[in-house]
2 protein chains.
Amino acid sequence: MGYADLSTPDLTALKVDLEDELSQHKAHNLALNMARGKPSSEQLDLSEGMLTLFKPGETFLSEEGTDCRNYGGLEGIMEARRLMAVLLDDEPENVIVCGNSSLTLMYNAIGRFYDFGARGSTPWHRYDKVKWLCPVPGYDRHFLITESFGFENIPIPMNEDGPDMDEVERLAASDASIKGIWCVPKYSNPGGVTYSDEVVRRLGYLRCAAHDFRIFWDNAYSVHHLYDEPERQDQLLDIADMCKASGNPNRYVKFSSMSKVTIAGAGIAAMASSPDNIAEIKERMGIATIGGDKINQLRHARFLKDADAVAAHMSKHAAILRPKFELVEQKLAEGLRGVGGCSWSRPNGGYFVLFNAPKGTAKRIVQLAHQTGVVLTEAGATWPGGNDPYDSDIRIAPSLPPIEELEVALDVFCGCVKMAYAESLLIDRLTH
Amino acid sequence: MGYADLSTPDLTALKVDLEDELSQHKAHNLALNMARGKPSSEQLDLSEGMLTLFKPGETFLSEEGTDCRNYGGLEGIMEARRLMAVLLDDEPENVIVCGNSSLTLMYNAIGRFYDFGARGSTPWHRYDKVKWLCPVPGYDRHFLITESFGFENIPIPMNEDGPDMDEVERLAASDASIKGIWCVPKYSNPGGVTYSDEVVRRLGYLRCAAHDFRIFWDNAYSVHHLYDEPERQDQLLDIADMCKASGNPNRYVKFSSMSKVTIAGAGIAAMASSPDNIAEIKERMGIATIGGDKINQLRHARFLKDADAVAAHMSKHAAILRPKFELVEQKLAEGLRGVGGCSWSRPNGGYFVLFNAPKGTAKRIVQLAHQTGVVLTEAGATWPGGNDPYDSDIRIAPSLPPIEELEVALDVFCGCVKMAYAESLLIDRLTH
């Protein structure tokens, strides 16, 4: 039983009640935000020790004896490469640490392929058309990068175990203008999906018409579990292993950053790839930079010494985030009981809950929420070009607001969902 | 009177003496380096206070109330923009602060023009040929950027007041494939030249066949005086003013960084340009990054509050660098007295002394020095493609070595110059 089963008079009466409910919220002049995947102040406080780490008389020497204050060190200091290897699930030797943003590393990687090709292939700017596979719902900033270079973004449906591999295999094998795929393989943005072993295996073994096809493996949430119990921590197969095993060792580039581990704007970013790819990247990177901020690398490596320290630190994040995610689950389950037509994710990690609104209502829900003082991510943002053909996906980001604010925001959200659904059903009945 | 006036027997005897002198140096197993434009440890120590600035309980709020720890702020925090405006000789509103490397900002700027064009112009990758003007001697890393994008680097002779503007004007006006020019307008690398008002004016008013011609204004040494006396501090006209006055307001992009002010690897970099250019840059940059490291921006802005604080800080650098530059002058003047055929710069600021060796001897001098345990910048490095047609320019970088080491290195250098010159004269006489 749900709204769809209600009579038109009952639905109309419900709509009047909902209007009243939203008016009451509006009267409070709310200014709440569930749009942004930002850590809260409380989470940022966890890394205060890193920002106040250095004391007068500090030597700033890396473990290999480099003065981290001076120029040099394109690939980063070894202790930072080792630390980032934890997040990238790779060997320190395959890791380059550079800058504060993995998004920038991805943009630059696309830029290099566009300008110069990949390992001797034709520079991609020479093609009339380059296409890119985009599992949806996905991360809008990924899609913007490939769109900005004029690529055609092709949506690929996400299943519960990752992208629809039948579709990926069919397209990659048949069209040489398809040059790669965006992947957030663990606790994906926004669906919270972790790719199954089978999906990772099929990606590694993918038959591609383009010999310079590249898997962009944005492991942004690799250690971002919400639960300490191992059985509630998703596990991800290593794409590097699969690419090596399949004889396509240069097919992937992994990315990650400390942005949601330490300080969002002042983390360190890194990538890992095959030795051949890393050599090529370093050759090009060496023209654009003398090296990353080694002082910030040193701060990170001293603050988070190893995988255990990272896990302990992430557990503190989880303790702050978990109640917020559990509140989302509780509020949606209660607030939308008996409504029908909706579903949402219950992720074990990451930063988002994906809400699937009744088809054709997502834009209206976001608009109603906005009018009531609650900012949500734009409906459609999780699709290339902002175009969700079902007008259904809404990304809920519960990390930033304090829990009291989140509670009110979720009440408003549920009211907006119900209102938009009731409206849409009534309009449907009027027009059919 | 000089070596050229000596008889062949005298020259031969001299060569034997010089061989002996260099052998004696070699016996000390020297490992000295005058190649790298790096600050010394002593200079880096001047900014220790910046790296240990934050104390437990710090709020990390910018003056506008932004939590510098979180994401956001593409153009940087206002106090950092104001600080970098001092180095860029511009208004804070025209400044974007981003990353730790102005070289990267330049590479990215070239990359944007290559990929997307400039303010609606044809993307430069679509042209069969793009050319770029390179005042020589100049900075090898500049030349490498344009070379890496396949541009043809065209050498332009440097005069005592800047690039040969007759040549620049002739080329820019006649060839639409010439898209820009590299400039280090103050205390240039390596010549130490500051562009005269007349040169800056002529650059601003330049008639260009390419309507998207761009002046890359790398003001890396804008506050890097060696002397405190105002009359020994070079002054530079503002290129922005000249471009505005000439009706070409979008022709320039200025770059600078804190790398040689605070911490070489962990400074902040910035660029300034016209409001139209800045808007375009931000639109593109916003796809590649969520913003620079605002924590490092805050560190810088609190450590160096304003132009006076910068000047006071640079005066401390000068106190360390000045004796080294004066030692270079003294050692070269003494060591090369009566040799002839050589000249060198006596800059008021910057990081380098340009040595003009007798034609055809620079490579040999660098080789001899290397064999004797003194590393110099590769001969030719100051020319595009590493190709100095006169084999004459050598860049001396006195900043890094302690003064005792510099003294020995300069003795070796003078010995190598004399040796190479004597050899070359003898070979000349044998072959003509």
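### A look at the overall build of chain A
- Along chain A, the regular secondary structure elements total 14 helices and 13 strands.
- Since a compact globule built from 432 residues should have a radius of gyration of about 22 Å, the 23 Å found for chain A is in line with a globular shape.
- In terms of overall dimensions, chain A has a C-alpha envelope of 75 × 60 × 35 Å along the principal axes.
- By residue count, 54% of the 432 residues in chain A fall in the buried class.

### Focus: the domain arrangement of chain A
Residue and element names in this part refer to chain A.
- The assigned domain composition of chain A is domain 1 (3-43 + 312-431) and domain 2 (61-305).
- Taking only C-alpha atoms into account, the centre of domain 1 sits 31 Å from that of domain 2.
- Between domain 1 and domain 2, the contact holds 24 residues from the first and 28 residues from the second.
- Put simply, the parts of the chain that give the side of domain 1 that touches domain 2 at least two residues each are α12 (307-335) and β13 (393-396).
- Per-element accounting of the side of domain 1 that touches domain 2 gives the leading share, seven residues, to α12.
- For the side of domain 1 that touches domain 2, a count of residues per class yields 12 nonpolar, eight polar and four charged.

### Quick look at the relation of the copies chain A and chain B
- Turning chain A through 180° and shifting it by 0.0 Å along the axis lays it on chain B, with an RMSD of 0.1 Å. Look at the turn and shift together and you get a two-fold axis relating the two.
- Mapped onto chain B, 98% of the interface residues of chain A again fall at the interface, so both copies present the same surface.

### Some remarks on the sheet that holds strand β11 (residues 353-356) of chain A
Residue and element names in this part refer to chain A.
- Ordered in space as β10-β11-β13, the three strands form an open sheet in which the pairing is antiparallel. Both edges of this open sheet fall to β10 (343-344) and β13, since each of them pairs with a single strand only.
- Here two bridges tie β10 to β11, and the two strands are oriented antiparallel to one another. Considered in β11, the bridge of Trp344 is made with Phe355.

### Describing the packing of helix α5 (residues 102-116) of chain A against helix α5 (residues 102-116) of chain B
- Where α5(A) contacts α5(B), the axes come no closer than 11 Å and their chain directions differ by 55°. One element, α5(A), and the other, α5(B), form an angle in the oblique class. Regarding α5(A) and α5(B), the two cross each other, and that crossing is left-handed. Here α5(A) contributes Gly111(A), Tyr114(A) and Asp115(A) to the contact with α5(B), which in turn contributes Gly111(B), Tyr114(B) and Asp115(B).
- Class assignment of the residues belonging to the contact of α5(A) with α5(B) gives a composition of two nonpolar, two polar and two charged.

### What about the environment of Asn219(B)?
- Structurally, Asn219(B) is set in the loop between β7 (214-218) and α9 (239-245).
- Residues within four places of Asn219(B) in sequence aside, it is in contact with Leu87(B), Leu88(B), Pro185(B), Lys186(B), Lys254(B), Phe255(B) and Ser256(B).

### Notes on the sheet that holds strand β10 (residues 343-344) of chain B
Residue and element names in this part refer to chain B.
- Pairing is antiparallel across the open sheet formed by three strands, whose spatial order is β10-β11-β13. Edge strands, defined here as strands with exactly one partner in the open sheet, are β10 and β13 (393-396).
- Pairing analysis gives four bridges linking strand β11 (residues 353-356) to β13, with the strands arranged antiparallel. Looking at the pairing, Val353 lines up with Ile396 of β13.

### Description of the interface of chain A and chain B
- With 44 residues of chain A in contact, the opposing surface of chain B contributes 43 residues.
- At the level of elements, α2 (41-45), α3 (48-51), α5, α6 (140-148), α10 (275-288) and α11 (294-303) of chain A are the ones that each hand at least two residues to the side of chain A that touches chain B.
- The element that contributes the greatest number of residues to the side of chain A that touches chain B is α5(A), accounting for six residues.
- Classifying every residue of the side of chain A that touches chain B gives 20 nonpolar, 15 polar and nine charged.

### A closer look at the packing of helix α4 (residues 78-88) of chain B against helix α11 (residues 294-303) of chain B
Residue and element names in this part refer to chain B.
- Two numbers describe how α4 lies on α11: the axes approach to 8 Å, and their chain directions differ by 60°. Taken together, the axes of α4 and α11 lie oblique to each other. Taken as a pair, α4 and α11 cross one another with a handedness that is left-handed. Judged by residue contacts, Glu79, Ala80 and Leu83 of α4 engage Gln297, His300 and Ala301 from α11.
- The residue makeup of the contact of α4 with α11, split by class, is three nonpolar, two polar and one charged.

### Side note on the pairing of strand β8 (residues 252-257) of chain A
Residue and element names in this part refer to chain A.
- Of all six residues in β8, six are buried, a share of seventy percent or more.
- Residues Tyr252, Lys254 and Ser256 point to one face of β8 and Val253, Phe255 and Ser257 to the other, with burial holding for every one of them.
- Between the parallel pair strand β7 (residues 214-218) and β8, the chain is carried across by helix α9 (residues 239-245), and the sense of this crossover is right-handed.

### Thoughts on α4(B)
Residues and elements named next belong to chain B.
- Where burial is concerned, most of α4 is hidden: 10 out of the 11 residues are buried.
- Within α4 the residues assigned to the buried category are Glu79, Ala80, Arg81, Arg82, Leu83, Met84, Ala85, Val86, Leu87 and Leu88.
- On its buried side, α4 packs onto β2 (95-97), β8 (252-257), β9 (269-273), α11 and α12 (307-335).
- Immediately downstream of α4, the backbone of Asp89 shows phi near 50°, a positive value.

### Here we look at the environment of Val95(B)
All names here are of chain B.
- For Val95, the location among the structural elements is in strand β2.
- For Val95, a count of 26 C-beta atoms within 10 Å gives the class buried.
- A sequence separation of 175 residues divides Val95 from Ala270, and the C-alpha atoms of the two residues are 6.7 Å apart.
- In this structure, Val95 is in contact with Arg81, Met84, Ala85, Leu88, Asp90, Ala270 and Ala272, ignoring residues within four places of it in sequence.

### Notes on helix α1 (residues 8-26) of chain B
All names here are of chain B.
- The terminal C-alpha atoms of α1, which comprises 19 residues, lie 26 Å apart, in line with the 27 Å expected from a rise of 1.5 Å per residue.
- Those residues of α1 that fall on the buried side of the exposure criterion are Leu18, Leu22 and His25. Down the axis of α1, the buried set is contained in an arc of 50°. They therefore lie on one face. Away from its buried face, by an angle of more than 90 degrees, α1 presents the exposed residues Pro9, Thr12, Val16, Asp20, Ser23 and Gln24.
- Looking at the packing, one finds that the buried side of α1 touches α13 (362-371) and α14 (403-431).

### Remarks on the environment of Asp218(B)
All names here are of chain B.
- Of note, Asp218 is situated in strand β7.
- Note on Asp218: 27 C-beta atoms within 10 Å, which makes it buried.
- Taking the C-alpha atoms as reference points, Asp218 and Val374, separated by 156 residues in sequence, lie 29 Å from one another.
- Filtering out sequence-adjacent residues up to four positions away, Asp218 remains in contact with Ser102, Met106, Cys183, Val184 and Phe255.

### Overview of unusual backbone geometry
- Looking along the chain, the bond that leaves Val136(B) and enters Pro137(B) is cis, with omega of -5°.
- With respect to the helices and strands, Pro137(B) occurs in the loop between β3 (131-136) and α6 (140-148).
- Asn189(B) connects to Pro190(B) through a cis peptide bond whose omega is 5°.
- Looking at where Pro190(B) falls in the secondary structure, it is placed in the loop between β6 (178-183) and α8 (197-204).
- One non-glycine residue, Arg119(A), lies in the positive phi region at around 50°.
- Residue position: Arg119(A) is located in the loop between α5 and β3 (131-136).
- Accessibility expressed as a C-beta count within 10 Å gives 14 for Arg119(A), which makes it partly exposed.

Definitions and limits used
- Residues numbered from 1 in each chain as written.
- Chains lettered and ligands numbered in written order.
- Predicted model: local features only at pLDDT ≥ 70, side-chain atom pairs only at ≥ 80, totals over all residues.
- Helix = DSSP H or I, 4+ residues; strand = E, 2+ residues; numbered from the N terminus.
- Rg over C-alpha atoms; globule rule 2.2 N^0.38 Å.
- Buried ≥ 20, exposed ≤ 12 C-beta atoms within 10 Å, placed from the backbone.
- Domains from an automatic or database assignment.
- Contact = placed C-beta atoms within 7 Å.
- Nonpolar A, V, L, I, M, F, W, Y, C, P; charged D, E, K, R; others polar.
- Least-squares fit on C-alpha atoms with pLDDT ≥ 70 in both.
- Pairing = 2+ DSSP bridges.
- Axes fitted to C-alpha atoms, helices over the stretch in contact; angles between N-to-C directions.
- Parallel < 35°, antiparallel > 145°, perpendicular 65-115°, else oblique.
- Left-handed = near helix turned anticlockwise from the far one by under 90°.
- Right-handed = clockwise from strand over helix to strand, strands pointing away.
- Expected span 1.5 Å × (residues − 1).
- Arc of directions from axis to C-beta.

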